[in-house]
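Secondary and tertiary structure notes
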Amino acid sequence: MCSNAGMPRLLARSATSLLLAGAAALFVVAAGQRWWPTCRRGAFDTDACMQLQSHEYDSLFLGEPWTPVGHAAEVAGLALLLLAGAAALVPFLLLPGWSLRFRLPLAVVPAACLALLGVHVLASGVSGHVVSVPLSGPAFVVWAFAMPAVLLLWVVIAAPNCPDRRTAWGLALALVLIASTPLPVLFILGPMLVNYVSHDIAPWTEAAMA
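Source: prediction; values computed, not measured. (Residues numbered from 1 in each chain as written. Predicted model: local features only at pLDDT ≥ 70, side-chain atom pairs only at ≥ 80, totals over all residues. Heavy atoms only, no water.)

Digging into the overall build of the chain
For clarity, the threshold we go by: Numbered from the N terminus, helices here are DSSP runs of H or I no shorter than four residues, and strands are runs of E no shorter than two. Here's how the labels work: a residue is buried when its accessible area is under 20% of the maximum for its type, exposed when over 50%, partly exposed in between, all with a 1.4 Å probe on protein chains only.
Tallying secondary structure elements over the chain gives eight helices and zero strands in all. Overall, the chain shows an N-to-C arrangement of helices and strands of α-α-α-α-α-α-α-α. Each principal axis of the C-alpha distribution contributes one length, and for the chain these read about 55 × 35 × 25 Å. Across the 210 residues that make up the chain, the buried fraction comes to 46%.

What about the packing of helix H1 (residues 9–35) against helix H3 (residues 72–94)?
Put simply, the test is: Each axis is a line fitted through C-alpha atoms, and for a helix only the stretch in contact is used; angles between axes span 0 to 180 degrees, taken between their N-to-C directions. Orientation categories follow fixed angle ranges, with anything under 35 degrees roughly parallel, anything over 145 roughly antiparallel, 65 to 115 roughly perpendicular, and all other angles oblique. Each crossing gets its hand from how the near helix is turned against the far one by less than a right angle, where anticlockwise is left-handed and clockwise is right-handed.
It is at 8 Å that the axes of H1 and H3 come closest, and there the two elements cross at 160°. With respect to H3, the element H1 is oriented roughly antiparallel. Viewed along their axes, H1 and H3 form a crossing whose handedness is left-handed.

A word on the packing of H3 against helix H4 (residues 100–127)
For any two helices packed against each other, the geometry comes down to the angle between their axes and how far apart the axes lie. Note the following rule: Lys, Arg, Asp and Glu make up the charged group, whereas Ala, Val, Leu, Ile, Met, Phe, Trp, Tyr, Cys and Pro make up the nonpolar group; the residues left over, Gly among them, are polar.
Here H3 crosses H4 at 175°, and the two axes come no closer than 7 Å. Taken together, the axes of H3 and H4 lie roughly antiparallel to each other. The class makeup of the residues in the contact of H3 with H4 is 23 nonpolar, three polar and two charged.

Concerning the environment of Thr181
Stated formally: Contacts are assigned to residue pairs with any non-hydrogen atoms lying within 4.5 Å of each other.
Here Thr181 lies in the loop between helix H6 (165–179) and helix H7 (182–194). Its relative accessible area of 2% is what places Thr181 among the buried residues. Taking the C-alpha atoms as reference points, Thr181 and Trp143, separated by 38 residues in sequence, lie 6.7 Å from one another. Setting aside chain neighbours within four positions, we find Thr181 in contact with Trp143 and Pro148.

Details of the side chain of Thr16
Tracing the sequence through the fold places Thr16 in helix H1. Assessed through its relative accessible area of 2%, Thr16 is described here as buried. If near-sequence neighbours (up to four positions away) are discounted, Thr16 is found in contact with Ala86, Leu89, Val90 and Leu93.

A few points about the environment of Leu106
Within the secondary structure layout, Leu106 lies in helix H4. Residue class for Leu106 comes out partly exposed when judged on its relative accessible area of 29%. Leu106 sits eleven residues away from Leu95 along the chain, and the two C-alpha atoms are 9.9 Å apart.

Section: the confidence of the model for the chain
Applied cut-off: Along the chain, pLDDT gives the predictor's confidence residue by residue, from 0 to 100.
With 90% of its residues at a pLDDT of at least 70, the chain reaches an overall mean of 88. Across the chain, helix H2 (residues 47–52) holds the top mean pLDDT of 96, while H6 sits lowest at 78. Throughout residues 1–7 the model reports pLDDT below 50, and contacts reaching past four residues in sequence, or to other chains, amount to 21 contacts.

Overview of the side chain of Arg34
Heads up, the condition is: The term polar contact refers here to a pair of N or O atoms within 3.5 Å; inside protein, the definition further demands a hydrogen-donor-capable atom paired with an acceptor-capable atom, and it admits residues adjacent in sequence only when both atoms are side-chain atoms.
Mapped onto the secondary structure, Arg34 falls in helix H1. Overall, Arg34 belongs to the buried group, its relative accessible area being 1%. A polar contact is formed between the side chain of Arg34 and the backbone oxygen of Leu52, at a distance of 2.6 Å.

Some thoughts on the packing of aromatic side chains
We count it as follows: Ring geometry is summarised as follows: Phe, Tyr and Trp rings, the Trp one being its six-membered ring, pair when their centres sit within 6.5 Å, and such pairs are stacked at plane angles under 30 degrees, edge-to-face over 60 and tilted between the two.
Throughout the structure, instances matching the rule amount to four aromatic pairs. On the numbers, 5.5 Å between centres and 75° between planes, the contact of Phe61 with Phe140 is edge-to-face. Taken together, the residues span a long stretch of sequence, with Phe61 in the loop between H2 and H3 and Phe140 in helix H5 (residues 136–158) at a distance of 79 residues. Ring geometry for Phe140 against Trp143: centres 6.2 Å apart, planes inclined by 90°, an arrangement best described as edge-to-face. Of this pair, Phe140 and Trp143 are both found in helix H5, three residues apart, which corresponds to roughly one turn of the helix.

Structural notes on H1
Stated formally: An expected span of 1.5 Å times one less than the residue number is assigned to each helix.
Taking 1.5 Å of rise per residue, the 27 residues of H1 would be expected to cover 39 Å, and the 38 Å separating its terminal C-alpha atoms lies within 8% of that figure. If you check which residues of H1 are buried, you get Arg9, Ala12, Thr16, Ala23, Ala24, Phe27, Ala30, Ala31, Arg34 and Trp35.

Have a look at this one:
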């Protein structure tokens, strides 16, 4: 498990870092498109901001009825596509000694699901209405539940078997990626970011993905 086999780690680390940083920046921009200036700090309980807190205005988790706000959905869709690229590389960073037949599904499935969601959100933003993309529902389930479960499994089982500095960085990456999946973001990080609990979705929640 501690082998250096696989794609060159420096290249994988650099590409993953760039993709994650790009996705993070775009999630912040998407949040700004939805929440600024209506939901600036101190204005969360105004009528206008309370209205924006409805899931009708979401830029990541789209469902009918849906009303786009600015270019939030287009930007969030691009962020998800960058996140898909990072997801394709993460197994090669966290599991360098594993056989390709095990790493490949762990790379392809999350990347494909995030790419599907990215296309769904981006196409909806461009068209101005929710665009149906096959398997986007199951793809969201994989992102929200399967991905954090697999990462947590690696943290609990695999990481203690390789107690070195490289694995410590892998642990940090895994924990951050778990925290950035939908459930922690919606119910913990989003409200913590602004110190505000909403009746629906806390303002600036998308920025917590960063």
